Amino acid sequence: SRCFSLTEDDPCGLCADPRRTGDVICVVEDPADLLAIERAGEFRGHYHVLHGALAPLDGIGPDDLKIQPLIDRLQREVIREEILAYVAKQVKPLGVRVTRIARGLPVGADLEYVDALTVGRAIEGRREM
């Protein structure tokens, strides 16, 4: 109900883990991307799963993704940084630092198939958008 990851627990184990940084959210396209980032072991914040990507030619718009719940969450919680590849224009006015992952990940790459070292370095080397 919080991050929209696929899990039997609510909140999921990552959201419930008190050792994770609560003021940093990584926005991912699908649960497989979340798992790829977790395998890298470099990110200790929380996640938000959009469950897809914008694809106007396929009839997939913002209302078909978990974008509004993300914006609601950013307004409700104290977030200092958001790592994302989508929706930057909607989030920046909320005063949240917006960054993107870097180094070695081609645009549109499916994180599920990228090795853990590359994903880890991309999270570590994120940049302002």
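Basis of the calculations
Residues numbered from 1 in each chain as written. Predicted model: local features only at pLDDT ≥ 70, side-chain atom pairs only at ≥ 80, totals over all residues. Heavy atoms only, no water. Helix = DSSP H or I, 4+ residues; strand = E, 2+ residues; numbered from the N terminus. Areas by Shrake-Rupley, 256 points an atom, 1.4 Å probe, with all protein chains shown as cover. Axes fitted to C-alpha atoms, helices over the stretch in contact; angles between N-to-C directions. Parallel < 35°, antiparallel > 145°, perpendicular 65-115°, else oblique. Contact = heavy atoms within 4.5 Å. Nonpolar A, V, L, I, M, F, W, Y, C, P; charged D, E, K, R; others polar. Buried < 20%, exposed > 50% of the residue type's maximum accessible area, 1.4 Å probe, protein only. Pairing = 2+ DSSP bridges. Right-handed = clockwise from strand over helix to strand, strands pointing away. pLDDT = per-residue confidence, 0-100. Core = buried A, V, L, I, M, F, W, Y, C linked by side-chain atoms within 4.5 Å. Lys, Arg positive; Asp, Glu negative; His and termini not counted. Salt bridge = Lys/Arg side-chain N within 4 Å of Asp/Glu carboxyl O.

## Observations concerning the overall build of the protein
So, point 1. The secondary structure content of the protein amounts to five helices and five strands.
So, point 2. Seen in sequence order, the protein has helices and strands lined up from the N terminus as α-β-α-β-α-β-α-β-α-β.
So, point 3. Within the structure as shown, the protein displays about 7400 Å² of accessible surface, and the carbon and sulfur contribution to it stands at 51%.

## Observations concerning the packing of helix H2 (residues 31-40) against helix H5 (residues 116-124)
So, point 1. At a minimum axis distance of 8 Å, the contact between H2 and H5 shows a crossing angle of 90 degrees. Looking at the two axes, H2 sits roughly perpendicular to H5. Contacts between H2 and H5 involve Ala-36, Ile-37, Arg-39 and Ala-40 from the first element and Ala-116, Val-119, Gly-120 and Ile-123 from the second.
So, point 2. Looking at the contact of H2 with H5, its residues break down into six nonpolar, one polar and one charged.

## Details of the environment of Leu-111
So, point 1. Note on placement: Leu-111 falls in the loop between strand S4 (97-100) and H5.
So, point 2. Here Leu-111 falls in the buried class, since its relative accessible area comes to 9%.
So, point 3. Separated by 76 residues in sequence, Leu-111 and Leu-35 place their C-alpha atoms 8.8 Å apart.

## Observations regarding H5
So, point 1. When we look at burial in H5, the residues that qualify are Thr-118, Val-119, Gly-120, Ala-122 and Ile-123.
So, point 2. Buried positions along H5 lie against strand S1 (24-28) and H2.

## Notes on the pairing of S1
So, point 1. S1 sits mainly inside the fold: five of its five residues count as buried.
So, point 2. The two faces of S1 match: Val-24, Cys-26 and Val-28 on one face and Ile-25 and Val-27 on the other face are all buried.
So, point 3. Where S1 and strand S3 (residues 81-83) come together, three bridges link them in parallel fashion. Looking at the pairing, Ile-25 lines up with Glu-82 of S3.
So, point 4. In this structure, S1 lies alongside strand S2 (residues 46-49), joined through four bridges in parallel fashion. Paired with Val-27 across the strands is His-48, a residue of S2.
So, point 5. Assessed by its sense of winding, the connection that carries the chain from S1 through H2 to S2 is right-handed.

## Observations concerning the confidence of the model for the protein
So, point 1. A residue-level look at the protein finds 85% of positions with pLDDT of 70 or above and a mean pLDDT of 84.
So, point 2. Mean pLDDT per element in the protein: strand S5 (residues 127-128) is the minimum at 67, and S2 is the maximum at 95.

## Side note on the nonpolar core
So, point 1. One finds Cys-26, Val-28, Ile-37, Phe-43, Tyr-47 and Val-119 to be the most contacted residues of the largest nonpolar core, which totals 15 residues.
So, point 2. When contributions to this core are tallied by element, the ones reaching two or more residues are S1, H2, S2 and H5.
So, point 3. With four residues, the top contributor of residues to this core is H2.
So, point 4. Residue contacts for Tyr-47: discarding those within four places in its chain leaves Cys-3, Leu-14, Arg-20, Ile-25, Cys-26, Val-28, Leu-34, Ile-37, Glu-38 and Arg-73.
So, point 5. If you look at the next biggest cluster of nonpolar residues, it comprises 13 residues, including Ile-25, Ile-71, Leu-84 and Val-98.

## Comments concerning the side chain of Glu-82
So, point 1. Structurally, Glu-82 is set in strand S3.
So, point 2. Nearest to the buried, unbridged Glu-82 among oppositely charged side chains is Arg-73, at 8.2 Å.
So, point 3. Sequence-distant contacts of Glu-82, defined by excluding residues within four places in its chain, comprise Ile-25, Val-27, Leu-70, Leu-74, Val-91, Val-96, Arg-97, Val-98 and Thr-99.

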